[in-house]
Amino acid sequence: MLSPPLSPHVIRATFWRTWTVTRRAYPWSYFVGTLMLGVFTVGLAHLGLAAIGGGRVAGDFVTATGSADYLGYVTVGAAAFMFVTHGVLWAGKALIQEQREGTLGALLVAPAGRLPYLLGFAAFAFTAIVLEVSVLLGCAYALGVRPAASGPGDAALAILVLGVAVFGMSLVLSAVMITAGEAHITQNSVFLAIALLSGFTFPRRYLPGVLQWLGELVPTTAAMDVLRGVFTTGAGPAPGRTAVALAVGLLYVVVGLLWLPRAERHAMERSY
Amino acid sequence: MIETQDLRKEFRDGRTTKVAVDGLTLAIPPGRVTGLLGLNGAGKTTTIKILATLLRPTSGTVRVDELDPLRDPKAVRHRINLIAGGERMVYARMTGRENLWYFGQLYDVPRAVLGPRIDELLALVGLTGAAGTVVERYSRGMAQRLSIARGLINDPAYLLLDEPTLGLDAPIARDLRRVVARLAAEGKGVLLTSHYLAEVEELCGHVYVIGDGRHLTEGSPAELTARTGGHRTVRVTVPGASPEVEAAVTAFAARAGTVAGLDRAGDGALVVSVSHPGEIAGPLTMAIVGAGGTLAGLEVTEPSLEDAILALNDAAWLVTA
Amino acid sequence: MTDRCLACSLTPEAEPVEHRRAQAGGGLRHTAKVFRAEALKQHRRVFGSRLVVFSMLVWPLMQLAATYYTVRPLAATPGIAGRWPLAADPERLLAFLATGALGFTFFFSLVQSAWHFSFERVTGTLELLFLSPAGRLAIVVGNGFGALVQNVWLFACFMVALFTALDVVHVAHPAMYAVVFLALLVPAVAWGAFLNSLLIFSRDSAFLYTLLDDPMWFAAGVRLPLFALPVWIRVFGSVLPLTGSLAVVRGALLDGRTIGELAPTLLGLGALTVLLTLGAVAALRLGEANAQRTGRLRLF
């Protein structure tokens, strides 16, 4: 019997399997390692603010961001970056991992759709990331960071927008990785590129115009603007940017879903 | 000559101690293929790794041309090499030629010698045409052949072969056996472990049989088969045999202290098979003819090393059980 | 596979040349050969794909740009000339961060190559290295050196061009360029040898890899001046050779320090280099001895 397109037990089984395997295989090194970049980025901002800025931040920063809270700005960016990279890493690498372990063939033969599998993985990734980001935010809180928030509904919306962006990016990246048979260079290039283009730790207005426009091509850029409205200025999500973020994110989801089956076929043909 | 004396190797894992090799005394002279056969996960690979300096024995001694591997590991390593079958231990990003060149540098092979030797080894393993291709694009068999060439790069005086033909295609395995025989004929000392007993029988001048790390027996393949009570099997086809013939065969076998197998072939002919250590083909046929039977076929199968090892294995199981 | 012509050069004489040469010594020449062999191996590994230009050039540049933009709002504040004079000039601030990026590329490329080296345990080639008579230290040093040169040359060239364009370099004496070069290269190679030795015997090489990424740039003052760091982080950073290397590079290139002024740092760096090399030797000895005893190529 064929499973329905969104069979909950495939989602649950994928979640459970990944959770168990991860817990057994990477007990602490994984957790500690993934947390470090965020903690050190916030740490850098904290120390730099005191020793270099003398507790103050440049006027053009306040103009560009609408906030004088440099540390809060960097913290929100670091937490969002952690959310994005880990989400993309988890969901996007799911298939290439299967390919490497030789289980991709078994998976493709199984009569389950691709979407529930990926959603199961995304659910796992989301749970893991929420835990990781909470620890990071806890550290930042200890350093005295108090991000603004325009309300729980706005916060949920901002996180959802970022989640859509992440899911779309991970689908497309997954297809790229499977097609290229390579994960390391692809993923690092994308992470470093969005760190520069989407304005996680500095206002995008600092960038040359070309790069500012290039940033609009990745869904995280508009999603970050939404996040900034909610958590940095407290002004609430800008409706225009929210629409752009959702549109670009969903476009990535569609492209990824259309491309993935082809990429998988291509990968299977290449391996034999 | 490689010689070991009372070699013993224990592995400790927490509180438990596993004895992998227990009091082995071996000799691997130059110019001969010496076989190492094992029963029950016998410690063959452990023994080979000790000889290759990769493992240090818990007690006992190893001498390679009078050199002590513990005292003079470098000199010993120059003289030996190891080829393990079934594994492709070469660098995937380098070409076949580059792999051989790389290992040639590790073994400090002089430049003037290395170039021609690489060409020759590539020809030997049939990879001349693929010499410039990166190993990533090799088939499994090609990579394995390259690792055989790698094992010969230092022109070792002693070659340790751990299941070298495992997973190789039959024609390549046959060629490899020829090469091994040739290397021994040219004066190299070869130690061979293999699951393929026919291979051991074909190549080895002397065979050690070990079980649970202990020395069970040794000798030439012929000696081993004889000593372990190797039985010849005589098979006679008797068309239209009468019950008298069957009775005569059964009585003959009883007198010889064995049991006769009686089967009917598709065309109704009686197929008699009797296993016995002695020369019984003559007396058996006499008995059949004497009872009025006619012979349509006679086949005598000599005992094989495989039979001998199976017999030894059964005995070993009886001992341990 | 053919067995023709086997006798021509495989067994030219009763005792092959290399056996006699080994007995006659010739350690240095053999070491040089191992160096070359490892360099080729690294070259093939690193340049297995053309995409390597990303990790060699594009990544460090993107990282440098993001860091610069992140730190800039702190430097463009009133009174910066009193707190950190260098940062008052945006070009010198960029040069400061660029030297940090260059140093980090040097040292982190060795973390990466060590991580790759640790896979040789899994693929079985590590056992072949131990089967050979090649010097173990020569292998790990050669491996690190080969990886370093091939990973950093492009970024290093780019940085030289950047410094020239920014016109921020003022050295006390032309010989200081050589001091800078050696202060980066020599400790980095020792660092690479140490990590190679450690990682090939380590059960969890991924953990060490993670541990030496972010904490290293943070504690070594790659993106912040050392005075901005609390004392306990500076203490931790002082055991990283990158910290000393960067102090020499920045002191000589950006602050025009003389060799006399940098002598204490250089001495410390030299001591650290010796310690790392000794550590590598010890890890190799212990690791191989342990492998010979347990049959497992693991130290801990």
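An unreviewed UniProt entry annotates chain C as ABC transporter permease of Sphaerisporangium corydalis.

Chain B goes by ABC transporter ATP-binding protein in an unreviewed UniProt entry, where it is assigned to Sphaerisporangium corydalis. Its UniProt record, at the heading Subcellular location (unreviewed entry), says of chain B: "Cell membrane". Per UniProt, chain B carries the Sequence similarities (unreviewed entry) text "Belongs to the ABC transporter superfamily."

Remarks on the interface of chain C and chain A
Between chain C and chain A, the residue contacts involve 37 residues of the former and 33 residues of the latter. Summing both sides of the interface, chain C and chain A together bury roughly 3200 Å²; the carbon and sulfur share of this comes to 77%. For chain C, the biggest contributors to the area lost against chain A are Trp59, Tyr69 and Leu74 of chain C; these three give 21% of the whole. In this structure, the salt-bridge partner of Asp60 of chain A is Arg72 of chain C, at a minimum N-O distance of 3.4 Å. The tally of links from chain C across to chain A stands at eight residue pairs in polar contact (both at pLDDT 80 or more). Every element with two or more residues in the side of chain C that touches chain A is listed here: α4 (52-75), α5 (80-83), α10 (205-211) and α11 (214-219) of chain C. Of the residues contributing to the side of chain C that touches chain A, the split by class is 27 nonpolar, five polar and five charged.

With respect to the packing of aromatic side chains
In this description, a pair of aromatic rings is defined by centroid distance and the angle of the planes. Under the defined criterion, the tally for this structure stands at 18 aromatic pairs over all chains. Each residue in the set Phe202 and Tyr206 of chain A together with Tyr68 and Tyr69 of chain C is aromatic and connected to the rest through ring pairs, giving one cluster. Looking at Arg72 of chain C, its charged tip hangs above the ring of Tyr206 of chain A, at a distance of 4.2 Å from the centre. Across from the ring centre of Phe96 of chain C, 3.6 Å away, lies the NZ or CZ of Arg250 of chain C, which sits over that ring.

A short note on the interface of chain C and chain B
Each partner contributes to the interface: chain C provides 54 residues, whereas chain B provides 57 residues. Summed over both sides, the interface between chain C and chain B buries roughly 5100 Å², with carbon and sulfur atoms accounting for 57% of that surface. Run the count over chain C and chain B and you get five salt bridges. Mapped by element, the contributors of at least two residues to the side of chain C that touches chain B are α1 (6-9), α2 (17-23), α3 (27-46), α6 (90-123), α7 (125-131), α8 (136-166) and α14 (259-294) of chain C. Here the side of chain C that touches chain B takes eleven residues from α3 of chain C, the largest share from any one element.

Reading the values: the criteria
In this numbering scheme, every chain counts its residues from 1 along its sequence in written order. Naming scheme: in the order in which they are written, chains are lettered from A and ligands are numbered from 1. Local features in this predicted model are restricted to residues of pLDDT 70 or higher, and side-chain atom pairs are both shown and tallied only at a pLDDT of 80 or more, whereas totals for entire chains, interfaces and linings draw on every residue. Only heavy atoms go into the side-chain values, all of them from the structure, while hydrogens and water stay out. UniProt positions are given in the numbering used here, feature names are shortened, and annotations may be inferred rather than shown by experiment. The contact criterion used throughout is that any non-hydrogen atoms of two residues lie within 4.5 Å. Put simply, buried area is the surface a 1.4 Å probe can reach on two separate parts but cannot reach once they are joined, added for both. Criterion for a salt bridge: a side-chain nitrogen of Lys or Arg within 4 Å of a carboxyl oxygen of Asp or Glu. Pairs of N or O atoms within 3.5 Å make up the polar contacts considered here, provided that, within protein, one atom can donate a hydrogen while the other can accept it, and that residues adjacent in sequence are counted only when both atoms are side-chain atoms. Every helix listed is a DSSP run of H or I at least four residues long, and every strand listed is a run of E at least two residues long, numbered separately from the N terminus. Under the convention adopted here, Pro, Cys and the residues Ala, Val, Leu, Ile, Met, Phe, Trp and Tyr are nonpolar, Asp, Glu, Lys and Arg are charged, and Gly plus all remaining residues are polar. Centres within 6.5 Å are what make two rings of Phe, Tyr or Trp a pair, Trp counting through its six-membered ring; a difference in plane orientation under 30 degrees is then read as stacked, over 60 as edge-to-face, and the rest as tilted. Charge over a ring is defined by NZ of Lys or CZ of Arg lying within 6 Å of the ring centre and within 35 degrees of the ring normal.

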